[in-house]
Every structure is written in structure tokens, then in C-alpha cells.
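Coordinates in review
Here are the chains, one letter per residue:
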Amino acid sequence: MHIIQIAAELAPIAKVGGLGDVVSGLSRQLQKNGHHVEIIIPKYDVTHLQQVEQLQELKTAFPLTYDGHTHQVRVWKGQLLGVTVFFLDSEHPHSFFKRGCIYSCLDDMDRFLYFSLAALEFIHTRTELPDIIHAHDWQTGIIAPLYINQYRLHSPKRAALVHTLHNLEHQGVCDPGFLHKVGLDPEHYMCPDRLQDPLNASQINLLKGSIVYSDAITTVSPTYAEEVKSQASGRALESILIQHTSRFSGILNGLDCDYWNPKADPYLPAHFGLERGQMAHGQFSLRNKRLVKQRLQTTVGLEQVENKPLVAVISRLVPQKGIHLIRRGLYRTLELDGQFILLGSSPIPQVQAEFEALKEEFSQNPSVHIEMVQSESLAHLIFGGSDIFLVPSLFEPCGLTQLIAMRYGSIPVVRSTGGLSDTVFDVDYADCPVEERNGYCFEHTDDQALDSALDRAMNCWKSHPEIWWQLVRNAMSIDHSWKTSAKAYEDIYKGICHQQTPQEV
Ligand code: ADP
């Protein structure tokens, strides 16, 4: 199959959160499985293009009319970890992708509508049309309605449309006038069965549009797929998801295990794996995890001790991630004589300021380090060097950090919600065989709930090292690769590929 992924993020070159990891990991696995995969993303000025191989500008720039004005779109092509990526570069006077950031601009709606329109237009400048167009999240929510209205009927080959909902918190709600800008008639779409926002009847909702018009809709874990069909978690889209439930499913995210590989991770000073062995970079064994912890401690200025468990958080600092519980995790870790490291950043100025203040408060404490930046290299070192990994999310569509942590032998302590429930099974209470238990879970969102799980983890680390290392082995031996999940996506693609029943226009 010829599959085109269209997204706002791509790891590791243009990544804010898990969306970027999913697009690159899924694409690589699909390509390994023999499919012809291509990815389209914006050419941001912050993209790490030095990691892209064979990058070249194509001769086929094309004109794009957006909001009544026509400007050229330039196209760049390169290879990222073996997959072809097209970068769309706008000559629009608003310089949509030259903002020094990926999100958080006041005109994000324009930026991503423009990108979505450009991506579809680019696909149709080419002779080889895809079987599948797979779009992701609200930024590309207009793709399905737009494709069906403007492209599918006139195209010599009709692509099937898949849309993945990575997080229902962001839905792309905006004035219907935006539809004019991409050439759609707002009146046609302003009804409850189409794009009208369920909460504000004078607005349209791009994510809802993707649900109504795609041939298949997925989200990133089975539990989240169930949760969002309820009023408590559906963020007003529960009814539309229930209405389209036969086309909606939850597929657990995988990990790109070549990229997240403690046996060969170029960011680690020493490599480790379950067995002893030899890789291109040298010897690895589980004992080396201690060397990584030492390097982490010296790199960030934590006290160089072996007898304290190191608890880590790597997270976007937004309410979803349980900010008060992250703070509680820090205090509780210190009460229990552990070390704590946080790598995060927040798009919310008050939250950023709050954690900057916390960083200042603990600046002289050798058991705490807070780093308020995006740092891929430090993230790898923390996954490799930490003992316990805290993910206290209030809701979590899938969550990747707990999967990466497990692969790097850091035991997750998580709140049981969404994909965290699907991937972390409590050592003491889970209803599954002992060898499948891999972490510590809690239910409620108060401090005591977090303490109950964190205390058990720290106690086990300190008092029962043999049990702890067995737990590390359990966690590291779980296969979280994309193999199973990519197969589930393939089945969906196959199921809709030849169903040539276009949605109503
Ligand atoms: P979300 O997509 O909601 O942010 P996920 O757990 O699905 O959460 O994915 C988060 C990804 O972003 C992980 O790969 C994590 O390592 C990475 N990440 C989060 N914050 C940072 C940071 N400050 N620096 C580097 N990587 C980060």
C-alpha cells in the first residue's frame, strides 16, 4: 500500500510530545512491513534539518490559494531514518512556519489550515496518488472534509482516509469563516451532523470534522477509546464518537525500539540490556545502568550516591499531566530520602513560572534537579539513569514516557487512566500473572493516592533489591515495539482501502 502520513510533528526533528514519536515510529514500522510510506510536515524554522539525509528542494513548487490570495508553496524532500519526508515551505507573507516554535502562535488555526490544504494540493500535483491518507490530531482535522469535498470525486484514484485522535483536549474550534479560507462553504458544514461545535453552536470543530468524514478513526489506546465515549472524558465529542463507533477503535501506541534502545543509545555513556552482549558501540550488560545513573548525577549536579532511589519526571507541564501530583512527587521523594529530577517545559506562563520558582527553591539541594527546557539528550540520560519514573496524569490518551522508561529499566509509578491502565500493571494488586506486573499504580488524584504507590516503589527499591531487579527485568522484557500496533493499523487500512463508498459531500 502507498500510505501518506500528514502531521504537525515528527520525531526527533520537529517534536513537542508523543504525536511526533507516533508518526515516525509507525511510519518506520509500516515501511519495514513492505509498504510505501511518505510523511508530509511543515518546514518549520525550528526543524532539526541537519538530521535529515539527502535533503533537497524539489523543482515542483506550486501555487496555493488561501483566503483569496495565491502564493507559492515550496517543497523539500529528504530521508529520515529511511522514510521519505516532504517539508512544505510557505511563501505566504505571514511566514506561517518561521515563528521559532511549532505551536502556540495566535494564528495557529490559519497556520495548520494552510498546511492541511497545501498537503492535499501537493499530493494532487503528483502522478502517483496514495491508497491511504492518514492524518493526525486537530491540526489536520480539515483534511477529511476537504478531501471529500474538493479532491476525492475528481481524483483518478480515491484514497481512503484515516484520522488518529491523539488527545481530545485540543479540537480546533474556530469561527466558520475559516472554512471559506480553504474553499469550503461554511453554511454547508454548520449543522450537528457535520462540523458544528457541540458546545458552541456558532463555531466549527475541526476534530469533529475528522470524525464525521474519515473512513476510519483511531485513538491511541483501547482504554482511552472507551473513556472518550463517556461524558466525563469525551469533551463534548462523546455523542459523535458513539454515533460513529463502528469506524472508531483504540490502538495502543508502540515505541520505535531502534531509536529508544538502551543497548545502543548514542546519548548514553554506557549501554545496557537484559543479557550481556556486544553491540557496535561496545559491551552492554544490565550492570551498566549504574554507570548511566552516575553520569546523570554528575551531569546535572545531583549528589553522587548509590543508596538513594532516583525518581524522574519528563513531561509537558500542563494540567493533563497532574501538575499538583508532580509537585507532591518531589516533596514525597525527599521525605523518603530519595533523589528527584524533573525535565519539563510549559506552554502556560504561570506554570512555567511556578516551576522556575520551585527550581530556585531547590537550587542548593543536592537531591533535586529541575530542568525547564526541551532536551532530547537529557531525556535519554534520565530514562537510562533513573530508577523510578512518575506519570501521575489526570488523563492520558496513551503516554509514551512510561513505555520508554520501562525499556530503560526505570519502573513506572502511574495513575491508572487511559493508556497508562493498558500498559502498567501493579506489582501488588494487578489481576495478571506476576511476571507481567511491571510497576505501581494509583487511582485517585489526591496526595495520599500518589504516596501509596510511590512509597511502595521506594520501599521495594531500598529494602528488597532482588525483587526490584526482577521487576526491572520484567519491565525491560515487555515488547512495546510497533510490530503489533502497526499490524492493527494495516488491518484498518486494508479494510477501508477498497470500500469505495465516499461519504456524502
Ligand atoms: P504528550 O504527547 O502528551 O506530551 P507522551 O508521553 O505521549 O506525552 O510523549 C511525550 C514525549 O515527549 C516523550 O517522548 C518524552 O520523552 C518527550 N518529552 C516531554 N517533555 C520533554 C522535554 N522537556 N525534553 C525532551 N523530551 C520531552
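Just above, that's the structure.
Keep in mind that this is a model prediction, so the values were computed, not measured. (Residues numbered from 1 in each chain as written. Predicted model: local features only at pLDDT ≥ 70, side-chain atom pairs only at ≥ 80, totals over all residues. Heavy atoms only, no water.)

Here we come to the overall build of the chain. Along the backbone of the chain there are 17 helices and 20 strands. Taken over C-alpha atoms, the radius of gyration comes to 23 Å for the chain, in line with the 23 Å a tight globule of 505 residues would show. Overall, the C-alpha framework of the chain stretches about 70 × 50 × 45 Å when taken along its three principal axes. Counting all 505 residues of the chain, 60% fall into the buried class. Entry remark: accessible area of the chain is about 19700 Å², with carbon and sulfur atoms responsible for 51%. Between the centroid of the 43 positive side chains of the chain and the centroid of its 58 negative side chains there is a distance of 5 Å. (Helix = DSSP H or I, 4+ residues; strand = E, 2+ residues; numbered from the N terminus. Rg over C-alpha atoms; globule rule 2.2 N^0.38 Å. Buried < 20%, exposed > 50% of the residue type's maximum accessible area, 1.4 Å probe, protein only. Areas by Shrake-Rupley, 256 points an atom, 1.4 Å probe, with all protein chains shown as cover. Lys, Arg positive; Asp, Glu negative; His and termini not counted. Charge placed at Lys NZ, Arg CZ, Asp CG, Glu CD.)

As a further point, take the pairing of strand 16 (residues 339-345). Buried residues dominate strand 16, accounting for six of its seven residues. In this structure, strand 15 (residues 310-316) lies alongside strand 16, joined through seven bridges in parallel fashion. Within strand 16, the residue paired with Leu310 across the bridge is Gln339. Viewed along the sheet, the connection from strand 15 through helix 10 (residues 323-335) into strand 16 turns out right-handed. Note: strand 16 against strand 17 (residues 368-371), four bridges, orientation parallel. Bridging across to strand 17, Leu343 finds its partner in Glu371. Between strand 16 and its parallel partner strand 17, the chain crosses via helix 11 (residues 349-361), and the hand of that crossover is right-handed. (Pairing = 2+ DSSP bridges. Right-handed = clockwise from strand over helix to strand, strands pointing away.)

Turning to helix 1 (residues 18-32), a few remarks are in order. If you check helix 1, its first and last C-alpha atoms are 21 Å apart, about what 15 residues at 1.5 Å a residue would give, namely 21 Å. Counting buried positions along helix 1 yields 12 of 15 residues, so the element is predominantly enclosed. Where helix 1 is concerned, the buried positions are Leu19, Gly20, Asp21, Val22, Val23, Ser24, Gly25, Leu26, Ser27, Arg28, Gln29 and Leu30. A positive backbone phi angle near 100° is found at Gly34, which sits one or two residues after helix 1. (Expected span 1.5 Å × (residues − 1).)

Contacts to the ligand come from 19 residues, most closely from Lys15, Gly18, Arg316, Lys321 and Val373. Within the side chain of Lys321, a nitrogen or oxygen atom sits 2.8 Å from an oxygen atom of the ligand. Here Ser375 contributes a backbone N or O atom positioned 3.0 Å from a nitrogen atom of the ligand. Starting from 560 Å² of accessible surface for the ligand in isolation, the protein chains cover 93%. For the shell around the ligand, the leading source of residues is strand 15, giving three residues. (Near = heavy atom within 4 Å. Polar contact = N/O pair within 3.5 Å; in protein donor to acceptor, adjacent residues only side chain to side chain.)

Right, let's get into the packing of aromatic side chains. Under the criterion given, the structure shown has 21 aromatic pairs. With centroids separated by 5.8 Å and ring planes inclined at 85°, the aromatic side chains of Phe112 and Trp138 adopt a geometry described as edge-to-face. In this pair, Phe112 is assigned in helix 2 (residues 108-123) and Trp138 in the loop between strand 7 (132-136) and helix 3 (143-151), connecting sequence segments 26 residues apart. When its relative accessible area of 10% is taken as the criterion, Trp138 is described as buried. Arranged with centres 6.4 Å apart and planes meeting at 40°, the rings of Tyr489 and Tyr493 form a pair that is tilted. Placement of the pair is Tyr489 and Tyr493 together in helix 17 (residues 482-497), with a separation of four residues, close to one helical turn. Each member of the pair, Tyr489 as well as Tyr493, is classed as buried. Among the aromatic residues, ring-to-ring pairing joins Tyr44, Tyr66, Phe96, Phe97, Tyr114 and Phe115 into one connected group. The ring of Trp76 has Lys43 sitting right over it, with the charged end atom 4.5 Å from the ring centre. (Phe/Tyr/Trp six-rings, centres within 6.5 Å; stacked < 30°, edge-to-face > 60°. Lys NZ or Arg CZ within 6 Å of the ring centre and 35° of its normal.)

Structurally, Gly399 is set in the loop between strand 18 (388-391) and helix 13 (401-407). For the pair formed by Gly399 and Ser221, sequence separation is 178 residues and the distance between their alpha carbons is 9.1 Å.

Turning our attention to the sheet that holds strand 18. Spatially, six strands are ordered 17-16-15-18-19-20 in an open sheet, and the strand pairing comes out parallel. One side of each edge strand has no neighbouring strand; the edge strands of this open sheet are strand 17 and strand 20 (440-442). Within the sheet, the average angular offset between the axes of one strand and its neighbour, ignoring direction, is 15°. Running over the sheet, helix 15 (residues 447-463) touches strand 15, strand 18, strand 19 (411-415) and strand 20 and is turned about 165° from strand 20. Against the sheet, helix 16 (residues 465-477) contacts strand 18, strand 19 and strand 20, and its axis sits at roughly 80° relative to strand 19. (Axes fitted to C-alpha atoms, helices over the stretch in contact; angles between N-to-C directions. Contact = heavy atoms within 4.5 Å.)

Another point: the pattern of salt bridges. Inspection of the entire model under this criterion finds 29 salt bridges. Measuring nitrogen to oxygen at the nearest pair gives 3.2 Å for the salt bridge that ties Asp131 to Lys157. Remark: Lys157 occurs in the loop between helix 3 and strand 8 (160-165) and Asp131 occurs in the loop between helix 2 and strand 7; sequence separation between them is 26 residues. According to the relative accessible area criterion, Lys157 is partly exposed, its value standing at 32%. For the salt bridge of Glu335 with Arg332, the shortest nitrogen-to-oxygen distance reads 2.6 Å. Taken as a pair, Glu335 and Arg332 lie in helix 10 at a separation of three residues, close to a single helical turn. With a relative accessible area of 17%, Arg332 lands in the buried category. (Salt bridge = Lys/Arg side-chain N within 4 Å of Asp/Glu carboxyl O.)

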